[in-house]
There are 2 protein chains.
Amino acid sequence: MTPKALAAITDANVIVGYNTYIKLIEKILAEKKVIGTAMMQEIERCKLAVQAAVNGENVAVISSGDSGIYGMAGLILELVMQQEKSLRPEVKIIPGISAVNASAAILGAPLMHDFAVLSLSDLLTPWELIKKRAELIAQGDFVVALYNPKSIKRVNQIQEIREIMLKYKAPTTPVGIVHSATREEEAAILSDLEHFTQEHIDMFSLVIIGNSKTYIEDQYMITPRGYQL
Amino acid sequence: MTPKALAAITDANVIVGYNTYIKLIEKILAEKKVIGTAMMQEIERCKLAVQAAVNGENVAVISSGDSGIYGMAGLILELVMQQEKSLRPEVKIIPGISAVNASAAILGAPLMHDFAVLSLSDLLTPWELIKKRAELIAQGDFVVALYNPKSIKRVNQIQEIREIMLKYKAPTTPVGIVHSATREEEAAILSDLEHFTQEHIDMFSLVIIGNSKTYIEDQYMITPRGYQL
């Protein structure tokens, strides 16, 4: 957590967030009012946050990683814009270390060239669009970070994405899988495009697939920037 | 700067970095040995860092933003791997807030859906590959963050990228330009794909071009995640 994020939480008198994230920071919450709800209720949670701010409270909405990357920043702003213009509270977005930043650092330096970030969750995005994007990413030889690669109900998408990638990327292309980046249970696995779906992947995993120059050495996944060394 | 980055600098006895970045943190450097060099000498600087680590020093290499995104992490690892296996020092990469994270937060929530990160610098990458990637990004309706959009010597590339994007994206697509994100001289401009190249853009700028759903309201650039609100 950055000092700016800590300061925003300290300054707020109402804290809103998914229960799991609230627990991670409960030591610094002291006497603040906490609005925590279970997962999949993010719209309700953010509506409560906006309403509290409209009522004059100083509200901090907690988002893990970077709130601007598949986090709560956009939903909060969308809900604020639904308010009458005169009622809209001021919103400050505080950037953070997203799973893509944290996982890359754990794996070595896999993102050192142009890359794409793609979520495989089809709850809010048509699966056909996700597949099309995967195809274009592979054609462009981008490094790619896959968010939400798999869940209990959604197990086949990662296989389909692997097949799309294999149309353009070599089977030996390095793949890194990071579980629960920056949490106590953090773990990383190195594999390749041919085999990586045999590894454990779940909703707490981020998958990074390299470009045609990416290599693995001494357990580091490295994408060269292009320097002549 | 995160507490982890601060701790790494505090623990190190040798600090290596571009002079401008060294100046930003000189207050915490105390009595440490500092190896600072001018810009464009990053290979020499990183070689000195690796040599100091091989000699047994605890070295911190300073990279602005996130060292894993167009930063020094990859170059350091590449140089370490050139050492004989028995001599290679341990390397820890500490993730940071990259210009893409910081600039998105300043603009609002422009990255809330799938996005790509593309550098327009053709010093280390063929211009033809950069153009191809821009074309694929536009076809996939990705939000895109453009690093190194322009420099004193390189002024036409951003115009070419604009023309490629206009083949697939509407002229009214929102574009945000952030200068010197997180520095004192930080500034943001909102424009659109038709007009943004008329704004001031230089080597300290990051340009974010939205997708087909991105909109601007109350000076916030917002890409909807897809929620039904």
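Here's a quick rundown of the structure. Everything numeric here is computed off the predicted structure, so don't read it as measured data. (Residues numbered from 1 in each chain as written. Chains lettered and ligands numbered in written order. Predicted model: local features only at pLDDT ≥ 70, side-chain atom pairs only at ≥ 80, totals over all residues. Heavy atoms only, no water.)

1. Concerning the side chain of Q157 of chain A
All names here are of chain A.
Right, so step 1: As for its placement among the helices and strands, Q157 is situated in helix 7 (residues 157-166).
Right, so step 2: A polar contact is formed between the side chain of Q157 and the side chain of D122, at a distance of 3.2 Å.
Right, so step 3: Setting aside anything within four residues of it in sequence, one finds Q157 in contact with L120, D122 and W127. (Helix = DSSP H or I, 4+ residues; strand = E, 2+ residues; numbered from the N terminus. Polar contact = N/O pair within 3.5 Å; in protein donor to acceptor, adjacent residues only side chain to side chain. Contact = heavy atoms within 4.5 Å.)

2. Some points on the sheet that holds strand 2 (residues 33-37) of chain A
Residues and elements named next belong to chain A.
Right, so step 1: Judged by pairing direction, the sheet is parallel, and its three strands sit side by side in the order 2-1-3 without closing on themselves. A single partner strand is all that each edge strand has here, and the edge strands are strand 2 and strand 3 (59-61). Pairs of neighbouring strands in the sheet enclose a mean axial angle of 15°, with direction left out of account.
Right, so step 2: By the bridge criterion, five bridges tie strand 1 (residues 14-18) to strand 2 in an arrangement that is parallel. The partner of V14 across the bridge, within strand 2, is K33. (Pairing = 2+ DSSP bridges. Axes fitted to C-alpha atoms, helices over the stretch in contact; angles between N-to-C directions.)

3. Considering the pattern of salt bridges
Right, so step 1: Applying the stated criterion across every chain, the model contains 16 salt bridges over all chains.
Right, so step 2: Across the pair E135 of chain A and K167 of chain A runs a salt bridge, and its minimum N-O distance is 2.7 Å. Remark: K167 of chain A occurs in the loop between helix 7 and strand 7 (174-179) and E135 of chain A occurs in helix 6 (residues 127-139); sequence separation between them is 32 residues.
Right, so step 3: With relative accessibility at 55%, the residue K167 of chain A sits in the exposed group.
Right, so step 4: The network of salt bridges with common partners includes K85 and R88 of chain A together with E217 and D218 of chain B. (Salt bridge = Lys/Arg side-chain N within 4 Å of Asp/Glu carboxyl O. Buried < 20%, exposed > 50% of the residue type's maximum accessible area, 1.4 Å probe, protein only.)

4. Describing the relation of the copies chain A and chain B
Right, so step 1: The operation relating chain A to chain B is a screw motion whose rotation component is 180°, with 0.0 Å of axial translation and a residual RMSD of 0.0 Å. Look at the turn and shift together and you get a two-fold axis relating the two. Considering only C-alpha atoms, the part of chain A nearest the rotation axis is A116 of chain A, at 2.0 Å.
Right, so step 2: Here 100% of the contact residues of chain A are again contact residues in chain B; the copies associate through an equivalent surface. (Least-squares fit on C-alpha atoms with pLDDT ≥ 70 in both.)

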